[in-house]
Amino acid sequence: MEALNELFASLPRLKLVAFLDGCAEAEFLVVADMCDLNKSTLSKAMTMLENAGYLDVTKGYVGRKPRTWLALSPKGRTAYHAHLAALAALTRKGGEARPES
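Here's what I pulled together on the structure shown here. Residue numbers here run from 1 along each chain, matching the order of that chain's written sequence. Predicted model: local features are reported for residues with pLDDT of at least 70 only, side-chain atom pairs are reported and counted for 80 or more only, and whole-chain, interface and lining totals are derived from all residues. Side-chain figures throughout are based on the complete set of non-hydrogen atoms in the structure, without hydrogens or water.

### Points about the pairing of strand β3 (residues 65-72)
Here is step 1: When DSSP finds two or more bridges between two strands, those strands count as paired. Counting from the N terminus, the helices are DSSP H or I runs at least four residues long and the strands are E runs at least two residues long. In this structure, strand β1 (residues 26-27) lies alongside β3, joined through 2 bridges in antiparallel fashion. Paired with E27 across the bridge in β3 is W69.
Here is step 2: Pairing analysis gives 8 bridges linking strand β2 (residues 55-62) to β3, with the strands arranged antiparallel. By the bridge assignment, T58 is partnered in β3 with W69.
Here is step 3: The turn joining β2 and β3, which pair antiparallel and follow one another in sequence, is formed by 2 residues; a positive phi near 65° is taken by G63.

As C-alpha cells, then:
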C-alpha cells in the first residue's frame, strides 16, 4: 500500500491541493474564497507546499494591483494523486476486513 502523505494531513493544505488539481492555476484571493480559507491560513498552507516543491507561486500585477497565482507543480500533482490512491487502498482494506467470530 502506498503511504499517505503527511503534508496533506492539514485540512487547509488538502483543500488547496484538491482545488488546484482541478485547474491550471488560480489567483490567491479566488483560492481563498473557493476553499473557504482566510488569507493567513492560505498563506501558511501555500508556504509549506511551496517549500516541499508541490506548489508553484507566481507574483505579478494586474494594472497596479499586486497579484499572486498558485499552481500545482508536477511533483505536487503526483504526490496528491499518490495520496488519493493510498486513501482508496485504505478504503478497500476496510471493505475487506472481516469481524472475528
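### Thoughts on the state of the cysteines
Here is step 1: Here, the term disulfide refers to a pair of cysteine sulfur atoms separated by no more than 2.5 Å. Under the definition given, this model contains 0 disulfides.
Here is step 2: The structure places no disulfide on C23, whose sulfur is separated from the nearest cysteine sulfur, that of C35, by 8.9 Å.
Here is step 3: Residue C35 is classed as buried on the basis of its relative accessible area, which comes to 7%. Remark: exposure states derive from per-residue accessible area (1.4 Å probe, protein chains only) relative to the maximum for the residue type, with buried under 20%, exposed over 50%, and partly exposed in between.

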